[in-house]
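Coordinate analysis (summary)
If you want the building blocks of each chain, they are given just below.
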Amino acid sequence: MREVHTTRDIARELARKYSTMTHDELDILESVLVPRKYAKGQIILAEGEICREILYVDIGLVRQFYEKRDLNKTRMVTEHLGVDGTIVMCIESLFREEPTKLQIEALENSICYALPKQRLEEVALHNVNIQILYRKILEESLILSQVHADLVRFESAQNRYKRMCTLMPKVVLRAPLNYIANYLQMTPETLSRVRSSSLNE
């Protein structure tokens, strides 16, 4: 059984990762956090909805994906996989306040903590360390998107998988193989070959 965290624990964890905070600032950050539980298979954010919050995954596994429609067929493309201790958001929808084309789904029973954008920005106006936390979360999200884009553009299938094992070891252990393959933009058969050769090295 995994440890159950309180909202205070999550505030401390976010402060540890992204910014130092006073006791009062931790109180404010804790007041912003909204605990959420999602069942395996539940859609957290559907296509056409507006993303209004940043999600911190405390326990669980989620995927961000979109539907790619070509002529008569539709396929799902996995854009991001988030596991314990990571942030998930649809950044374009969040800032433009427009309907998203991306969806977020829980792949395991998950406990998340939402940081509603409007409330976070209100408190960030008066708290420098919460401003820093907000900025660093956004920076991390943009860097992860760039890393993924570069991975699928410039790396061989073998190197894509190796880099994912280094950057996202928990995801590699827990996510279904078809979603890992999809995230790395390769077929499940190619992923199986790559995994086999990695184990034999």
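Please read these numbers as outputs of a predicted model, since none were measured by experiment.

What counts and how
- Residues numbered from 1 in each chain as written.
- Predicted model: local features only at pLDDT ≥ 70, side-chain atom pairs only at ≥ 80, totals over all residues.
- Heavy atoms only, no water.
- Core = buried A, V, L, I, M, F, W, Y, C linked by side-chain atoms within 4.5 Å.
- Buried < 20%, exposed > 50% of the residue type's maximum accessible area, 1.4 Å probe, protein only.
- Contact = heavy atoms within 4.5 Å.
- Phe/Tyr/Trp six-rings, centres within 6.5 Å; stacked < 30°, edge-to-face > 60°.
- Lys NZ or Arg CZ within 6 Å of the ring centre and 35° of its normal.
- Pairing = 2+ DSSP bridges.
- Helix = DSSP H or I, 4+ residues; strand = E, 2+ residues; numbered from the N terminus.
- Axes fitted to C-alpha atoms, helices over the stretch in contact; angles between N-to-C directions.

1. Notes on the nonpolar core
- Judged by nonpolar contacts, the single largest core of 38 residues is most densely connected at Leu14, Ile54, Ile87, Leu115 and Ile137.
- Beyond its immediate chain neighbours, meaning those up to four positions away, Ile137 contacts Tyr18, Ile54, Ile87, Met89 and Leu115.
- Grouped together as the second largest cluster of nonpolar side chains are 19 residues, Leu61, Tyr161, Val172 and Leu191 included.

2. Looking at the packing of aromatic side chains
- Inspection of every chain in the model, using the stated rule, returns 0 aromatic pairs.
- Geometry around Phe65 places Arg63 over its ring, the cationic atom sitting 3.9 Å from the centre.

3. Thoughts on the sheet that holds strand β2 (residues 43–45)
- Spatial ordering of the open sheet is given by β2-β7-β4-β5, a layout of 4 strands whose pairing is antiparallel. Each edge of the open sheet carries a strand with a single partner, namely β2 and β5 (73–83). Going from strand to strand, the sheet's axes swing by 35° on average, the running direction of each strand aside.
- Here 4 bridges tie strand β4 (residues 61–70) to strand β7 (residues 103–106), and the two strands are oriented antiparallel to one another. What sits directly across from Gln64, in β7, is Ile104.

Bear in mind that shape data such as this cannot, by itself, settle questions of function.
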